[in-house]
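One letter stands for each residue in the lines below.
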Amino acid sequence: MATDNRINFWRRNTKVPGRYPKDTKPKFNNLKSKKACSFHEFACSTNDAWDIDDEEDENFCGTPFSASFTPSGQDLTSSVHNQQLRHQTGETENVLPHILTPPGDEDHNPQKDDGSGCERVNGKFVKSSSDADLNTSSVRSSLQKQQSLPVRPIIPLVARISDQNASGAPPMTVREKSRLDKFKQLLASPNTDLEELRKHSWSGIPREVRPITWRLLSGYLPANKERRELVLKRKREEYFGFIEQYYHSRTDEHYKDTYRQIHIDIPRTNPLIPLFQQPAVQEVFERILFIWAIRHPASGYVQGINDLVTPFFVVFLSEFVMEDVENFDVAALPLETQRNIEADSFWCMSKLLDGIQDNYTFAQPGIQNKVKALEELVSRIDVDIHNHFKKYEVEYLQFAFRWMNNLLMRELPLRCTIRLWDTYQAEAEGFSHFHLYVCAAFLIEWRKEILCMVDFQSLLMLLQNLPTIHWGNEEVGLLLAEAYRLKYMFADAPNHYKR
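Please read all numbers here as calculations on a predicted model, not as lab measurements.

K.L.:
Just to check I follow, could you spell out the overall build of the protein for this structure?
P.N.:
Within the protein, the regular secondary structure consists of 20 helices and three strands. Counting every position in the protein, which comprises 499 residues, the buried fraction comes to 52%. Considering only intrachain contacts with a sequence separation of at least 6, the fraction spanning at least 24 residues in the protein is 75%. Carbon and sulfur atoms form 50% of the exposed surface of the protein, whose accessible area is close to 24300 Å².

What follows is the structure, given as structure tokens:
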């Protein structure tokens, strides 16, 4: 029933990007699906659910527009009602079993493996209903106990950036305070132990220390505390030296097409979050992307790179904004602070792209290889889904290309991406290799919904509009734990999966 509620909510919500209005929805069952022979042909015939104002701007040098997003009362009421109904009736949702304990998370294991499968009830775990020895009275008692505990606040908007420890969340728990103290102790040492820092960061970084931790884990800052100020000063000056040297060339014949594409893509970057529709913020993104593109001629600018700036920008902005980041007026900050945020975002994005640049070179071979690896991995871990895709002629490239190109940023709210990147930066080859297992775990998360779809169009619409709007740290933590289990089983098993 939980699955039905979720599917029905998205079907009846006509305001969801990519959905047809009720009166104009075509009859998919009467259409014969035609397999696209290439992703380019598929992309030309399919509208991206996130591409808002897809038409090219003739006057692309004009002033960027402002936008804000407010959900309709009907949408919000419907989603909250469904959440409350599941809470009251004690419905369960299947989650993937046998979750291993990931690094640095020994005291925060979501579910011990008892060899029997498990289900989540109201955010907690109980034994699977398929267990013949399940005592229904114990489940009822467990539910009553859980209902007496404080309820985790519902995240109402896709546009909300704040994570679970930000304003509006319950007070910091003893465990969270203890973790924060551990981070502060590591960061205060004369030479930060980066391996220990990665271990603690795997299960999430406290908001208060996330900016400095990201700078360290990305390789932007040295471990030696005394050298950090000097390095920051030098790198920030170097970036603005690039601006003075190259940015005026954006109107030159050789670079104008690159700048034009960047200028068109910037308003599409998180279009539902007001922060990214501010002219000052869009100008920052234009400078960052243009400078990166001309300093990396092997790839240049490719659509999708614009998304990768946003997590860094938000995290470094959060040093100076305590709450309501999504609506904060960046122009109100001192100019020096704005410049520092811009430079740090550029260098950290550059460090990330250094590890996945083959994703964006000619023909994007890195993405092609990762999509093939995902297909092979899914065929091993869930043959039912794999055969279901084959039966209805769904190619992995048709949905997973975007997952690899944008690192799942179009599939998850930004607050979830930030939590996800905590782990990516803590994991060896997090963005280039571990991301593959996260994508596999993400696909399996929607197993029931996928197997319910019985035609090509419905499958593709589902895969391009997965309902993660209310996801938060808890859901991302479970996703990462399952991804770690898959990596543990398959990464070093050449007979099952070849990297």
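K.L.:
Teacher, can you tell me more about the pattern of salt bridges here?
P.N.:
When their charged atoms lie close together, side chains carrying opposite charge are able to pair. Scanning the entire structure with this criterion turns up 19 salt bridges. For Arg198, the salt bridge is made with Glu195, and the minimal N-O distance between the two is 3.1 Å. Pair noted here: Arg198 and Glu195 are both in helix α6 (residues 194–201), with a separation of three residues, about one helical turn. Residue Lys372 is joined to Glu375 by a salt bridge in which the shortest nitrogen-to-oxygen separation is 3.6 Å. Residue Lys372 and its partner Glu375 are both found in helix α13 (residues 365–381); the two are separated by three residues, about one turn of the helix. The network of salt bridges with shared partners includes Arg215, Arg236, Glu319 and Asp344.

K.L.:
Teacher, can you tell me more about the nonpolar core here?
P.N.:
With 117 residues, the main nonpolar core has Leu275, Phe313, Met349, Phe389, Trp421 and Leu443 as its most contacted residues. Take this core: its biggest share by element is 11 residues, from helix α17 (residues 430–445). With residues near it in sequence (within four places) discarded, Leu443 still touches Val378, Ile385, Phe389, Tyr396, Phe399, Trp403, Ile450 and Leu463.

Cut-off values and rules
- Residues numbered from 1 in each chain as written.
- Predicted model: local features only at pLDDT ≥ 70, side-chain atom pairs only at ≥ 80, totals over all residues.
- Heavy atoms only, no water.
- Helix = DSSP H or I, 4+ residues; strand = E, 2+ residues; numbered from the N terminus.
- Buried < 20%, exposed > 50% of the residue type's maximum accessible area, 1.4 Å probe, protein only.
- Contact = heavy atoms within 4.5 Å.
- Areas by Shrake-Rupley, 256 points an atom, 1.4 Å probe, with all protein chains shown as cover.
- Salt bridge = Lys/Arg side-chain N within 4 Å of Asp/Glu carboxyl O.
- Core = buried A, V, L, I, M, F, W, Y, C linked by side-chain atoms within 4.5 Å.

By themselves these figures say nothing about function.
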